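Breakdown of the fold
Okay, here's what each chain looks like letter by letter:
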Amino acid sequence: MKFQAIKGVRDILPPESALWNRVEQAARDVFGTFGFAEIRLPIFEQTELFVRSIGADTDIVHKETYTFQDVPTEIDALKKVMRVSSQDFLTLRPEATASVVRAYIEHGMQTLPSNVKLYYMGPMFRRERPQKGRYRQFYQIGAEVLGTSDAPGIDAEVIEMLMAFFDRVKLKGATLYLNSIGCKQCRPVYVEKLRGELQKVREQLGPDSQRRIETNPLRVLDSKLESEQAIIEKLPRIAEHLCAECRAHYDDVKRQLGLRGITYQENWRLVRGLDYYMRTTFEITAPGLGSQNAVCGGGRYDGLVELLGGPATTKGIGFAIGTDRLVLSLQESGACETPGGLDVYLAWFGVAAQAAAIGLARRLRDAGFVVELPAVEMKFGKSLGLADRLKARHALIMGEDEVAAGVVTVKHLADGTQQKLAEPELFSYLRAARNG
Ligand code: AMP
C-alpha cells in the first residue's frame, strides 16, 4: 500500500518552505512593531463555537467542516461509541477568529489595559473543492484587535499594518477593497429593501440566490454567477442607507487611510452575511491567482464577543491572510527564496581527523555557519564530488597531516584555489567570504 497526502492537503517542501518562513517572519516583525503579540491557539474546538460564530447557515459550517465525535481513539472503543450520539462534537478550526474570541473571554482579557492586539498563524481546515489557491488544509496569518473602542483610527491602523506587511514581503499589485456594511440599526432597513428588490427579479436568479432572498439577501451580493451580475449591479446599495453614525465612521476610516497614504477602491458588494459584523469590511486581492485572487479578508465584528458570552462592550476588528495564496502570488511574480546555502563541507579522513572535525563543526555551527559533516568516511574524490553537488561554498579538508599541523585545508569550490589556515584565520576567512 502506497500512502499519499489526502485530497486538498499538501506538503510544503524546501526550497518553497524558506519563502513561507520569510513571510511568517515578516508578519512577526511588522505586527510586532504595531504592538501585536502572538496567540497560539488549538487546532480544534467545540463544534458549537463555530456554529455560533460563523453561522449555521454558511457554507463553511453547513458542509465544509471536519467534525468528529470526541471519543477514545482506540479503534474498538471507537466502533462501540459511534453508536452513542450524546458525545460532544469537535471541529477542526475552519478559521481562527472564533478561537481568539473564545480565548479572550476564557482568560478574562477584557480586564487588560487598552485594546488587546493579537496575531496568529497556522493551518485551517475546510472541506472545499480543491483547485489552485484553494485547499482543504490551508494556512492563515491573522490579527485581531479587541477592546471597548471602535474608533475609526483602529480600523485604519489595522489596514495600515496589513499593507505594511504586504510591502515588507514585496507583494506586487495588491489591491485593497473597502466597504461599510452599517450596524444593527441601519442594516436591517437596507436588507429589507434589498429583499424587496430581489423578490421582483426572483425568476432571473439561480437557485442559490433564490434561497438567499429568504435566508440572507446580503449574500446574493457575493454571487459570482455570470448571469446574475447585471441584475446585482442594479440593486440598491448599502452606502445610500447608512445611518449618520455609520456614515461618519466610514468617512473617518477613509480620511485616516488617506492620512496614511493608503489607496483603496470602494466595493459596495463586499459584505458579510452575519449580524455581528459591523461597519468596516475589506478585502485584498493579488495578481497571478486566477479566480481565487483574494489574499486577505477582514472587517469589524463588534457583536461577536457578546454572542460568544463575553462583555457586550467589547468590540473587535481583524483580518486573515491566506498564506498559501500570498506565497503563490509571490512565486508568480518571480520571488523565490535563495537560501543561505551551505558554507562548509567538512571532509575528514581517518579517526583522528574525525574527532577534530566533530569539534570544528560544532564551533563553526555555534558561529552561525551552515556545515555539512559526512557521517561516514569517504574516499577523497567521492567526498569532494559530494561537496560540489551540494553546492557548498568551501570544502574543508582534514586529514592526518592537517591534524598534526593544527590547520585545515580550505578549498574554494568555485575557483578551486586552496590554502591551509589555522582556526582563527579560518573563521575570519569564512566570515569575509560570506559577506561577499
Ligand atoms: P476567510 O476566512 O474566508 O475570510 O478567508 C480569508 C483568506 O483566507 C482568504 O482571502 C483566502 O486568502 C484564504 N482562504 C480561505 N479559504 C481558503 C482555502 N480553502 N484555501 C486557501 N486559502 C483560503
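Residues numbered from 1 in each chain as written. Predicted model: local features only at pLDDT ≥ 70, side-chain atom pairs only at ≥ 80, totals over all residues. Heavy atoms only, no water.

A closer look at helix 13 (residues 351-366)
Put simply, the test is: Secondary structure elements follow DSSP: runs of H or I of four or more residues count as helices, runs of E of two or more count as strands, with numbering from the N terminus. An expected span of 1.5 Å times one less than the residue number is assigned to each helix. When accessible area is computed with a 1.4 Å probe and restricted to protein chains, residues below 20% of their type maximum are described as buried, those above 50% as exposed, and intermediate ones as partly exposed.
Counted at 1.5 Å a residue, the expected span for helix 13 with its 16 residues is 22 Å, and the 23 Å between its end C-alpha atoms agrees. Within helix 13 the residues assigned to the buried category are Ala 353, Ala 357, Gly 359, Leu 360, Ala 361 and Leu 364. Following helix 13 by one or two positions, Gly 368 has its phi on the positive side, about 95 degrees.

Some points on the nonpolar core
Buried together is how nonpolar side chains tend to be arranged in soluble globular proteins. Defined as follows: The term nonpolar core refers to a set of buried residues drawn from Ala, Val, Leu, Ile, Met, Phe, Trp, Tyr and Cys, joined through side-chain atoms within 4.5 Å.
Ranked by internal contacts, the top residues of the largest apolar core, which has 98 residues, are Phe 31, Phe 165, Phe 166, Phe 319 and Ile 321. The dominant element in this core, judged by the number of residues it contributes, is helix 6 (residues 152-168), at nine residues. Ranked by size, the runner-up nonpolar core spans 18 residues in total, among them Ala 353, Phe 369, Leu 396 and Leu 430.

Looking at the pattern of salt bridges
Under the convention used in this document: What makes a salt bridge here is a side-chain nitrogen of Lys or Arg within 4 Å of a carboxyl oxygen of Asp or Glu, nothing more.
Per the counting criterion, the structure on display carries 26 salt bridges. A salt bridge links Glu 192 to Arg 195; the nearest nitrogen and oxygen atoms lie 2.5 Å apart. Here Glu 192 and its partner Arg 195 are both found in helix 7 (residues 187-200), three residues apart, which amounts to about one turn of the helix. In this structure, Lys 254 engages Glu 266 in a salt bridge whose closest nitrogen and oxygen atoms are separated by 3.1 Å. Taken together, the residues span a long stretch of sequence, with Lys 254 in helix 10 (residues 244-259) and Glu 266 in strand 8 (residues 265-266) at a distance of 12 residues.

Looking at the sheet that holds strand 3 (residues 67-69)
Cut-off, in case you're wondering: For two strands to count as paired, DSSP must find a minimum of two bridges between them. Axes here refer to lines fitted to C-alpha atoms; in helices the fit is confined to the stretch in contact. Angles between the N-to-C directions go from 0 to 180 degrees. The contact criterion used is simple: two residues touch if any of their non-hydrogen atoms lie within 4.5 Å.
Strand order across the open sheet formed by three strands is 2-4-3, with antiparallel pairing between neighbours. In this open sheet, the two edge strands, each paired with only one partner strand, are strand 2 (44-46) and strand 3. For this sheet the average axis-to-axis angle between neighbouring strands, irrespective of direction, equals 35 degrees. Of the pairings in the sheet, the one linking strand 3 to strand 4 (residues 89-92) comprises three bridges and is antiparallel in character. By the bridge assignment, Gln 69 is partnered in strand 4 with Phe 89. Helix 2 (residues 47-54) rests against strand 2, strand 3 and strand 4 of the sheet, and its axis sits at about 80 degrees to strand 2.

Quick notes on the domain arrangement of the protein chain
Selection criterion: An automatic or database domain assignment supplies the start and end points of every domain.
By the assigned domains, the protein chain splits into domain 1 (16-186 + 242-333) and domain 2 (344-434). The gap between the C-alpha centroids of domain 1 and domain 2 is 49 Å.

Describing the site of the ligand
Selection criterion: If a single non-hydrogen atom of a residue is within 4 Å of a molecule or strand, that residue counts as near it. Here a polar contact is recorded for every N or O atom pair within 3.5 Å, except that within protein the pair must consist of a potential hydrogen donor and a potential acceptor, and residues adjacent in sequence are included only if both atoms are side-chain atoms. Shrake-Rupley sampling with a 1.4 Å probe provides the accessible areas, and residues are treated as covered by the protein chains on show and by no other component. Ten residue types, Ala, Val, Leu, Ile, Met, Phe, Trp, Tyr, Cys and Pro, are classed as nonpolar, four, Asp, Glu, Lys and Arg, as charged, and the remainder, Gly among them, as polar.
In the neighbourhood of the ligand, 14 residues make up the surrounding shell, with Arg 126, Glu 128, Tyr 135, Gln 140 and Ala 294 lying closest. One of the side-chain N or O atoms of Arg 126 is found 2.8 Å from an oxygen atom in the ligand. Contact between the ligand and Tyr 135: a nitrogen atom at 2.9 Å from a main-chain N or O atom of the residue. In the complex, 85% of the free accessible area of the ligand, which totals 490 Å², lies under the protein chains. Those elements giving two or more residues to the shell around the ligand turn out to be strand 6 (137-147), strand 10 (294-300) and strand 11 (315-322). Looking at side-chain class alone, the shell around the ligand contains six nonpolar, four polar and four charged residues.

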